[in-house]
Amino acid sequence: MANGFNKSEIVMFDDVLSAFDDQLVIAKACEKYSLGSDQSVERMGDRVWRPQPHHAVTYAGMDQTSNFGDITQLSVPVGLGYHRSAPGTMSSKNLRDPSQLTRYGQAASMKLSSDINNALFTVAALQGSIVSKRTVAATGFDDVAQIDALMTEIGAPVENRRAFYSPRDYNNMASNLAQRQTLQGKTQTAYENALVGDNVAGFQLFKNDLSYRLAAATATGVTITLANQRYVPVSITTDASGNTANIDNRYQTIGITVTGSTVKVGDAFTIAGVNSAHHITKQDTGQLKTFRVVSIVTGAGGTGTIQITPPIISADSSPTRAELQYQNVVGVPAAGAVVTFLNTVTAAVNPFFVKDALELIPGSFAVDPEDGWQVLRATTDFGIGITYARQGNINDLSVKYRWDVDFGVGLLNTEMAGIQMFSQT
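For clarity, every value in this text was computed on a predicted model and none was experimentally measured.

A. Just the pairing of strand β24 (residues 398–411), in detail. The buried fraction of β24 amounts to twelve of the 14 residues, a majority that puts the element mostly inside the structure. Across nine bridges, the pairing between strand β4 (residues 82–90) and β24 is antiparallel. Within β24, the position partnered with A86 by the bridge is W403. As judged from the five bridges shared by strand β21 (residues 358–362) and β24, these two strands associate in the antiparallel manner. When the sheet's bridge partners are listed, E359 is paired in β24 with G410. Bridge count for strand β23 (residues 385–393) against β24 is seven bridges, and the pairing is antiparallel. Residue A389 lies in a different strand from β24, and its bridge partner there is R402. Hairpin connection, β23 to β24: the antiparallel pair is bridged by four residues, and L397 has positive phi, about 60 degrees.

Here is the structure:
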């Protein structure tokens, strides 16, 4: 059965499709991962477990008889959690002007690509666990150099690092650069175009029109309720019937006591006595480890439990092989250890990440023209499927239109992503 689209409508669809990828600024800065064929994805419930990079354990000496042990492979669930649609209705009077539909298609393309960018941005902004707290406004090199140091000292990959700055923070950086004495090279570009440049301190920098303002933490007198709240990585769990299931090791639930107000999702904090460790050498960086609140499990005020990322893997007190592999801190919280919040002033967050850590997963869904609507479907060069469908209403001679995309977002390692905030107290 023919779809019955006229030539101008097919040209309009092709034009929208060709422009779509250009608008995926954040999407092009992360990795794309395909779940496989539509049939297999449906049978997997639109979800698959992705392996995380292995960490090895080494021992001294020639004789390793007592050091052989199981290798723990951690994995992360990723799936298709987003479906966005741009629907609309046009009357028979509107349709006298064919450009109406073209303009709406262009607007739909811009909004849907923005939805994809925003989903990636929000996941990185709320779950990235490396936190750079700056007490001054954005100045430029020193800001980026700090996040470079934070990532490098824990052994995060030095290649393919990306950072997205809000317009005001980015322009502050450009202003600082533009005020240098010699107007040439990056300095002249900053002055003429408010452009910092592609590469600063090992990062590709982007001015981002999306914005997420993280509210200041309001909880006071927050302490750890129980001592030794460490996390032991486990790749799978087995039930009483012998069935196994994967475990997501990016998060940990800890107990806290709050004296005043409440803890909220997104809050960034450190714990007294818990330093970050280099992921490979396991050496103490001498810096407090930063954490994020991912969800409130029981009670945001008083005594309760919260889910945090990353987990506290200390590899002390007769550690398991898995703890030795994935150790990320030196020291465990003592009972009553003080929690210090880093987001002290409401401000825009500027996410940064290693490209391999943040993934966009293109999705799919079935739409059959035989069911009574006309459909155009295509996949962009970046792999995102776009569906354009329309259906007429004989009651009032109007036509309904919709543009749809289906996708997922996965942050495979929260310790390879983070945020920078400025003008904090």
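Still to come is the rest of the account.
B. Representation of the packing of aromatic side chains in the model. This model, assessed by the stated rule, comprises eleven aromatic pairs. Consider the rings of Y82 and F407, whose centres lie 5.0 Å apart with planes at 0 degrees: the pair is stacked. On the criterion of sequence distance, the pair formed by Y82 in strand β4 and F407 in strand β24 is long-range, its members being 325 residues apart. Assessed through its relative accessible area of 30%, Y82 is described here as partly exposed. Measuring from centroid to centroid gives 6.3 Å for Y165 and F422, while their planes differ by 35 degrees, and the two rings are tilted. With Y165 in strand β6 (residues 161–165) and F422 in the segment after β25 (417–421), this residue pair connects regions lying 257 residues apart in the sequence. Taken together, F13, Y388, Y401 and W403 form an aromatic cluster joined through their ring pairs. Across the ring face of Y33, the terminal group of R50 is positioned such that the distance to the ring centre comes to 3.8 Å. Positioned above the aromatic ring of F365, the side-chain terminus of R377 is 4.9 Å from the ring centre.

C. Looking closely at the sheet that holds strand β8 (residues 203–207). Strand order in the open sheet made by the six strands is β5-β25-β20-β6-β8-β7, with mixed pairing throughout. Where the open sheet ends on each side, the last strands, each with one partner, are β5 (130–133) and β7 (199–200). Where β7 meets β8, two bridges bridge the pair, whose relative direction is antiparallel. The partner of V200 across the bridge, within β8, is F203. Where helix α3 (residues 99–127) meets the sheet, it contacts β20 (350–354) and β25, and its direction lies at approximately 90 degrees from that of β20. Against the sheet, helix α4 (residues 141–152) contacts β5, β6, β7, β8, β20 and β25, and its axis sits at roughly 150 degrees relative to β5.

D. Just the nonpolar core, in detail. Counting 68 residues, the largest nonpolar core has I116, L120, Y165, L358, L360, Y388 and W403 as the members making the most contacts within it. Looking at this core element by element, the count peaks at ten residues for α3. In this structure, Y165 is in contact with V144, I147, Y170, M173, L205, F206, K207, N208, N350, Q420 and F422, ignoring residues within four places of it in sequence. Counting residues in each nonpolar core, the second largest holds 20 residues, with V258, I271, V274 and F291 among its members.

Thresholds applied
Residues numbered from 1 in each chain as written. Predicted model: local features only at pLDDT ≥ 70, side-chain atom pairs only at ≥ 80, totals over all residues. Heavy atoms only, no water. Buried < 20%, exposed > 50% of the residue type's maximum accessible area, 1.4 Å probe, protein only. Helix = DSSP H or I, 4+ residues; strand = E, 2+ residues; numbered from the N terminus. Pairing = 2+ DSSP bridges. Phe/Tyr/Trp six-rings, centres within 6.5 Å; stacked < 30°, edge-to-face > 60°. Lys NZ or Arg CZ within 6 Å of the ring centre and 35° of its normal. Contact = heavy atoms within 4.5 Å. Axes fitted to C-alpha atoms, helices over the stretch in contact; angles between N-to-C directions. Core = buried A, V, L, I, M, F, W, Y, C linked by side-chain atoms within 4.5 Å.

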